[in-house]
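# Remarks on the overall topology
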Amino acid sequence: MALKCGIVGLPNVGKSTLFNCLSNAKAQSANFPFCTIEPNVGVISVPDDRLTRLVEMCQPRSVVPATVEIVDIAGLVKGASRGEGLGNKFLANIRETDAILHVLRCFDDDNITHVDGSVDPVRDKEIIDYELLLKDMETVDARLARTIKQAQTGGDKAARMQADVLQAIKAALEQGKPARSVTFDTPDEQKFVRELFLLTSKPVLYVCNVDDASAATGNAYVEAVREAIAGEGASLMIIAAQTESEIAELDTYEERAEFLESIGLEESGVARLIRAAYALLDLQTYFTAGADEVRAWTFIRGSKAPRCAGIIHTDFEKGFIRAEVIKYDDYVSLGGETAVREAGRLGVEGKEYVVQDGDIMHFRFNV
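Being a predicted model, the structure only gives us computed values, none of them experimental.

## Observations regarding the pattern of salt bridges
Counted by the stated rule, this structure contains 18 salt bridges. Notably, a salt bridge pairs Lys170 with Asp141, separated by 3.2 Å at the nearest N-O pair. Here Lys170 is found in helix H5 (residues 157–174), whereas its partner Asp141 is found in helix H4 (residues 121–154), with 29 residues between them in sequence. Its salt-bridge partner being Arg341, residue Glu337 comes within 3.0 Å of it at the nearest N-O pair. Here Glu337 pairs with Arg341, and both are found in helix H14 (residues 337–342), just 4 residues apart, close to one helical turn. Taking the relative accessible area as the measure of exposure, Glu337 reaches 22% and is therefore partly exposed. By relative accessible area, which is 38% here, Arg341 ends up partly exposed. Residues joined in a network through salt bridges with shared partners are Arg322, Glu324, Glu337, Arg341 and Arg364.

Have a look at this one:
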């Protein structure tokens, strides 16, 4: 599943430094705006202790982890919705992502200039939010005019539904609220909203980039952001991007663990961020495990067995017969698939089974 998270923010807030920590790709990082003209893309493995344990048990010939694509998008500025600072191109890059990692500068450093002259993460957040809202308003207004005409002249029920959805979203945008703050109940409404590709309908994780001393506890800037996003339906996490870049350069696990302990952290912010990005997209993982391969398969939370089977191959979904399911805890505690079968703990599930995070699956199918 080629799902993407886009890293956005004003210039010089730490986006490219963070991206460099997240992937082996090295985005240019410099103390001036627009150093990242084309979006850099990194395919990031999702840290998962369960996969590590399964590999230890199975000793497979190959290992395939779950992944998320991270896109480093150049810094937006005020007026981006009108094309300022290459804004139209950057907004188009955001539109192509599935979720947004919004980096906010929450540290003071006289050596790193701020495009607006001072550090104020809430103001920075509002600048970008406003530009995204304006762009969505353009999209909604253009679509609404056509849709109302169709509903009035043709008596089209679908057009009437779409007009109602667009008007509800427009009302929210006019109040300064993102499109994701409006909920819709029917599958047709939800499908229509997805097809609009609105920038403010995407799930958002606000990433507060702090200094070393605030990596574990946060600071006043972070608390201001936390208060500003209350009720917005978005998440927040704290990371010290510069610290993460130093961790990434350490050679051994022991050195990294010792460094993390010295600053009061149990694991790196990068690992937490990758998992947070995965969860932001409402993704979960099931596994296939054997001597040939141990693999983590990404699925959308709530998916049923045939749909998950189709992630491996479309024929698996078309000819689905049943799924053999082993719970991860049973697999580990009993010592593998054979022991699970002998203990009678292997489940046989049909088309209505909702796959759970961590399930170890075998699909039976016939085409």
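The structure having been displayed, the exposition proceeds.
## Observations concerning the environment of Asn20
If you trace the backbone, Asn20 turns up in helix H1 (residues 15–22). Residues Asn20 and Glu244, spaced 224 residues apart in sequence, show a C-alpha to C-alpha distance of 9.5 Å.

## Considerations on the sheet that holds strand S1 (residues 4–8)
Across the sheet, 6 strands lie side by side as S2-S4-S1-S5-S6-S7; this open sheet has mixed pairing. The sheet is open, and its two borders are formed by strand S2 (40–45) and strand S7 (235–239), each paired with just one other strand. Geometrically, the sheet is characterised by an average inter-axis angle of 25° between neighbouring strands, direction not taken into account. With 5 bridges connecting them, strand S6 (residues 204–209) and S7 associate as parallel partners. Paired with Tyr206 across the strands is Leu236, a residue of S7. Lying on the sheet, H1 is in contact with S1, S2, strand S4 (67–72), strand S5 (99–105), S6 and S7; it crosses S4 at an angle near 150°.

## Regarding a negative patch on the surface
On the surface, Asp108, Asp110, Asp211, Asp212, Glu246 and Glu249 cluster together into a patch of negative charge. Locating Asp110 in the fold gives a position in the loop between S5 and H4. Classification of Asp110 by relative accessible area gives exposed; the value is 82%.

## Notes on the confidence of the model for the protein
Mean pLDDT for the protein: 85, with 89% of residues reaching 70 or above. Across residues 25–37 the pLDDT falls below 50, and counting only partners more than four positions away or on other chains, this stretch makes 33 contacts in the model.

## Observations concerning the packing of H1 against helix H10 (residues 269–280)
Running from amino to carboxyl end, H1 crosses H10 at an angle of 90°, the nearest separation of the two axes being 10 Å. Classified by the interaxial angle, the pair formed by H1 and H10 is roughly perpendicular. Mapping the contact onto sequence places Leu18, Cys21 and Leu22 in H1 and Val270, Leu273 and Ile274 in H10. Its residues assigned to classes, the contact of H1 with H10 shows 6 nonpolar, no polar and no charged.

About the cut-offs
- Residues numbered from 1 in each chain as written.
- Predicted model: local features only at pLDDT ≥ 70, side-chain atom pairs only at ≥ 80, totals over all residues.
- Heavy atoms only, no water.
- Salt bridge = Lys/Arg side-chain N within 4 Å of Asp/Glu carboxyl O.
- Helix = DSSP H or I, 4+ residues; strand = E, 2+ residues; numbered from the N terminus.
- Buried < 20%, exposed > 50% of the residue type's maximum accessible area, 1.4 Å probe, protein only.
- Pairing = 2+ DSSP bridges.
- Axes fitted to C-alpha atoms, helices over the stretch in contact; angles between N-to-C directions.
- Contact = heavy atoms within 4.5 Å.
- Patch = residues over 30% accessible without salt bridge, like charges linked within 9 Å, V, L, I, M, F, W, Y side chains within 5 Å.
- Areas by Shrake-Rupley, 256 points an atom, 1.4 Å probe, with all protein chains shown as cover.
- Lys, Arg positive; Asp, Glu negative; His and termini not counted.
- Charge placed at Lys NZ, Arg CZ, Asp CG, Glu CD.
- pLDDT = per-residue confidence, 0-100.
- Parallel < 35°, antiparallel > 145°, perpendicular 65-115°, else oblique.
- Nonpolar A, V, L, I, M, F, W, Y, C, P; charged D, E, K, R; others polar.

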